[in-house]
Amino acid sequence: PLLERAGLASFEAVMASSGGRCLRALSDRENWRLELDDGRRQPRGVYLKKHHVRTLRSRLRAVLGGGPGPTPGRVEAENVRRLGAEGIDVMRLVAYGERLHGDGLVESFVLTEELAGYTPLDDFIRRRFPRQKQDRAEPRDRDLNRLIRQVADVARRFHAAGFNHRDLYCCHFFIREPERGRFEIRMIDLQRVQHRRRCRRRWLVKDLAQLAWSAPWEQIQCTHRLTFIRHYLGVRRLSVRDKRLIRQVWAKQQTMMRRLGVAR
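Since we're looking at a predicted model, the values are computed, not measured. (Residues numbered from 1 in each chain as written. Predicted model: local features only at pLDDT ≥ 70, side-chain atom pairs only at ≥ 80, totals over all residues. Heavy atoms only, no water.)

Turning our attention to the overall build of the protein chain. Helix and strand content of the protein chain: nine helices and ten strands. Out of the 264 residues belonging to the protein chain, those deemed buried represent 45%. Considering only contacts in the protein chain between residues 6 or more positions apart, those separated by 24 or more positions represent 68%. By element, 48% of the accessible surface of the protein chain is carried by carbon and sulfur atoms, the whole surface being about 15300 Å². Separation between the mean location of the 56 positive side-chain charges and that of the 31 negative ones in the protein chain comes to 9 Å. (Helix = DSSP H or I, 4+ residues; strand = E, 2+ residues; numbered from the N terminus. Buried < 20%, exposed > 50% of the residue type's maximum accessible area, 1.4 Å probe, protein only. Contact = heavy atoms within 4.5 Å. Areas by Shrake-Rupley, 256 points an atom, 1.4 Å probe, with all protein chains shown as cover. Lys, Arg positive; Asp, Glu negative; His and termini not counted. Charge placed at Lys NZ, Arg CZ, Asp CG, Glu CD.)

Encoded structure:
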């Protein structure tokens, strides 16, 4: 009913829609924010990703009468379902669709509900916690450390379930604080998420380095990073193997800093 009222009850209608606000438009995809009337005073915000690509492989599939293959819309929708089944909180899926046209054009979309009241982790930390002073006598902020441990727990369970994100930046953790010191965390942007049980080390290091690089450097100090990695690993004392992982993450983070600079 929600999509019907908005005139988005068919694949064609969704792909042709131009209402709402276009957040990004590239040659192969578009990102939109829409507001749908759910019969209440406030419209419901949703995010729409449209994908459209034509390749040699998709042309061959069309000629041979095959399906569209693993489209970006379906992949992200399935990742939402799989992560939810693992108990990892993500955004809510509204709808997805895909189609292979006779000329080899593959179109797909995924529609997810807006995380109302949530803020990207890096922005949340900057707004919620003051800049840390370089004073050893200053008491550590318990709420900040609680948040860091919760993010570490989500990352640990995510990796333990066999997933890697490939874009595990702070901005892909969304945070809400319904009451002081109690945090709710959701993961977003799941299109590139992979599931593998073997040869994972490189991908875990990449995820952790992306998270470390994107953490606000004025608020997140070395002690906070140590809190994160200990909780992520589930240890009080770091072993030789743990320290080897930290060195690999640090080296990857340094490479990112040389290429991209310091995250702001």
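What follows is about the sheet that holds strand β3 (residues 44–54). On the basis of which strands lie adjacent, the open sheet formed by five strands has the order β1-β2-β3-β5-β4 and antiparallel pairing. Strand pairing shows two members of the sheet lacking a second neighbour, β1 (21–25) and β4 (93–100), which therefore form its edges. When the angles between neighbouring strand axes are averaged without regard to direction, this sheet yields 15°. Bridge count for β1 against strand β2 (residues 29–36) is four bridges, and the pairing is antiparallel. Within β2, the position partnered with Ala 25 by the bridge is Glu 30. (Pairing = 2+ DSSP bridges. Axes fitted to C-alpha atoms, helices over the stretch in contact; angles between N-to-C directions.)

A separate point is the packing of aromatic side chains. Evaluated as defined, the whole model comprises six aromatic pairs. Pairing Phe 11 with Phe 109 gives two aromatic rings, centres 5.9 Å apart and planes at 45°, and the pair type is tilted. Linking Phe 11 in helix α2 (residues 11–16) with Phe 109 in strand β5 (residues 105–113), this pair joins segments that are 98 residues apart in sequence. For Phe 11, a relative accessible area of 13% translates into the label buried. Joined through ring pairs, the aromatic side chains of Phe 124, Phe 129 and Phe 183 make up one cluster. It is Arg 202 that lies over the ring of Trp 203; its NZ or CZ is 4.3 Å from the centre. (Phe/Tyr/Trp six-rings, centres within 6.5 Å; stacked < 30°, edge-to-face > 60°. Lys NZ or Arg CZ within 6 Å of the ring centre and 35° of its normal.)

What follows covers the packing of helix α5 (residues 121–128) against helix α6 (residues 142–160). Two numbers describe how α5 lies on α6: the axes approach to 12 Å, and their chain directions differ by 170°. When the axes of α5 and α6 are compared, the pair comes out roughly antiparallel. Note on element contacts: α6 touches α5 through Asp 143, Leu 147 and Val 151, opposite Leu 121, Phe 124, Ile 125 and Arg 128. The class makeup of the residues in the contact of α5 with α6 is five nonpolar, no polar and two charged. (Parallel < 35°, antiparallel > 145°, perpendicular 65-115°, else oblique. Nonpolar A, V, L, I, M, F, W, Y, C, P; charged D, E, K, R; others polar.)

The subject of this paragraph is helix α4 (residues 72–85). In an α-helix, one full turn covers 3.6 residues, which means residues spaced three or four apart are oriented alike. Helix length check: α4 (14 residues) gives 20 Å between terminal C-alpha atoms against 20 Å at 1.5 Å per residue, within 8%. Within α4, burial applies to Gly 73, Glu 76, Ala 77, Asn 79, Val 80 and Leu 83. Burial along α4 is one-sided: seen end-on, the buried residues are contained in an arc of 155°. Across α4 from its buried face, at more than 90 degrees, point the exposed residues Arg 81 and Ala 85. Along its buried surface, α4 packs onto β3, β4, β5, α6 and β7 (163–164). One or two residues past the end of α4 sits Gly 87, with phi positive at roughly 80°. (Expected span 1.5 Å × (residues − 1). Arc of directions from axis to C-beta.)

To continue, consider a positive patch on the surface. A grouping of Arg 201, Arg 230, Arg 236, Arg 237, Arg 241, Lys 243, Arg 244 and Arg 247 is seen on the molecular surface, where their side chains present a positively charged patch. A total of four residues in the positive patch trace back to one element, the largest contributor, which is helix α9 (residues 240–260). (Patch = residues over 30% accessible without salt bridge, like charges linked within 9 Å, V, L, I, M, F, W, Y side chains within 5 Å. Salt bridge = Lys/Arg side-chain N within 4 Å of Asp/Glu carboxyl O.)

A few words on the packing of α6 against helix α8 (residues 222–233). Look at α6 against α8: their axes get within 8 Å of each other, and the N-to-C directions meet at 40°. Classified by the angle between their axes, α6 and α8 sit oblique to one another. The two elements α6 and α8 cross, and the hand of that crossing is right-handed. Touching Leu 144, Asn 145, Ile 148, Arg 149, Val 151, Ala 152, Asp 153, Ala 155, Arg 156 and His 159 of α6 are His 224, Thr 227, Phe 228, His 231 and Tyr 232, all from α8. Here the residues of the contact of α6 with α8 sort into seven nonpolar, five polar and three charged. (Left-handed = near helix turned anticlockwise from the far one by under 90°.)

Nothing here speaks to function; it is geometry throughout.
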